[in-house]
Amino acid sequence: MTLVYTGDGKGKTTAAFGVALRSIGRGLHVKVLQFIKSPRRGYGEQAALMKLGAEVEMLGVGFTWTKTPEEHRVALEHAWKVAQETIMSGKYDLIILDELNNALAIERFNIEDVLPLDEVIEVIKSRPKHVHLVITGRGAKQEIKDVADLVSVIEAEKHYYDEGVSAIYGIEY
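Here's a quick rundown of the structure. Quick caveat: nothing in here was measured; it's all calculated off a predicted structure. (Residues numbered from 1 in each chain as written. Predicted model: local features only at pLDDT ≥ 70, side-chain atom pairs only at ≥ 80, totals over all residues. Heavy atoms only, no water.)

## Regarding the nonpolar core
The nonpolar side chains of a soluble globular protein tend to be buried with one another.
Here's step 1: Formed by 33 residues in total, the largest nonpolar core has its most connected members in Phe 35, Leu 97, Leu 115 and Ile 144.
Here's step 2: Those elements that provide at least two residues to this core are helix H3 (69-89), strand S4 (94-98), helix H4 (100-104), helix H5 (117-126) and strand S5 (132-136).
Here's step 3: Per-element tally for this core: the top contributor is H3, with 6 residues.
Here's step 4: If we skip the residues at most four places from it in the chain, Phe 35 touches Leu 59, Gly 60, Leu 76, Ala 79, Trp 80, Ala 83, Leu 97, Asp 98, Glu 99, Leu 100 and Ala 103.
Here's step 5: If you look at the next biggest cluster of nonpolar residues, it comprises 15 residues, including Leu 3, Tyr 5, Ala 16 and Leu 94. (Core = buried A, V, L, I, M, F, W, Y, C linked by side-chain atoms within 4.5 Å. Buried < 20%, exposed > 50% of the residue type's maximum accessible area, 1.4 Å probe, protein only. Helix = DSSP H or I, 4+ residues; strand = E, 2+ residues; numbered from the N terminus. Contact = heavy atoms within 4.5 Å.)

Have a look at this one:
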């Protein structure tokens, strides 16, 4: 199956990690590839999944407004190569492509030459049959939604950020 969690609300990665938790509980091999998050920061969900036996790779350099376009281009090109190899290896039963949608939606530079949408679609379609994919991030491309088996759109109705409350340790990170 290919599951997509998208939308402007909070909880897309959390939903994907819920699937990972369920998979680990059933003895499946799980790998998480994070396209935007940088290994320079620690996240609670990463620590928890690793304690449970999942592999987690943070392949990004952080949010798009904190680094140069070239830094992102290099990181995303590498991330996509890692993702292709990981998916096609057949070694994992569940692979989470966290924030892939965000990466595909980048407009600050031409993303197509480092992360071609047609190639992403082809990998999704041609992956080993036992490999389940979960793709997260805002702004999922219609082409991604079209090849998915499940698309959940998470929308914000209310958020404490709007009241000036910043990210909370143990809730957001």
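Once the structure has been displayed, the description carries forward.
## Topic: a negative patch on the surface
Here's step 1: On the surface, Glu 112, Asp 118, Glu 119, Glu 143 and Asp 146 cluster together into a patch of negative charge.
Here's step 2: Elements with a minimum of two residues in the negative patch: H5 and helix H6 (142-147).
Here's step 3: Among the residues examined, Glu 112 registers a relative accessible area of 39% and is labelled partly exposed. (Patch = residues over 30% accessible without salt bridge, like charges linked within 9 Å, V, L, I, M, F, W, Y side chains within 5 Å. Areas by Shrake-Rupley, 256 points an atom, 1.4 Å probe, with all protein chains shown as cover. Salt bridge = Lys/Arg side-chain N within 4 Å of Asp/Glu carboxyl O. Lys, Arg positive; Asp, Glu negative; His and termini not counted. Charge placed at Lys NZ, Arg CZ, Asp CG, Glu CD.)

## Brief notes about the layout of surface pockets
Here's step 1: In this structure, the largest pocket encloses a volume near 930 Å³.
Here's step 2: What lines the largest pocket is a set of 31 residues, and nearest its centre among them are Lys 10, Thr 13, Lys 37, Glu 99 and Glu 172.
Here's step 3: Mapped by element, the contributors of at least two residues to the lining of the largest pocket are helix H1 (12-25) and helix H2 (44-51).
Here's step 4: Among the elements that take part in the lining of the largest pocket, H1 stands out by supplying 4 residues, more than any other. (1 Å grid on protein atoms, 1.4 Å probe; cavity = no way out; pocket = protein on both sides within 12 Å on 5 of 7 lines; lining within 4 Å. Points joined across faces, edges and corners; volume = space filled by probe spheres on them.)

## A look at the packing of aromatic side chains
Here's step 1: Applying the stated rule across the entire model yields 1 aromatic pair.
Here's step 2: Judged by centre distance (5.7 Å) and plane angle (85 degrees), the rings of Tyr 160 and Tyr 161 are edge-to-face.
Here's step 3: Here Tyr 160 falls in the partly exposed class, since its relative accessible area comes to 29%. (Phe/Tyr/Trp six-rings, centres within 6.5 Å; stacked < 30°, edge-to-face > 60°.)

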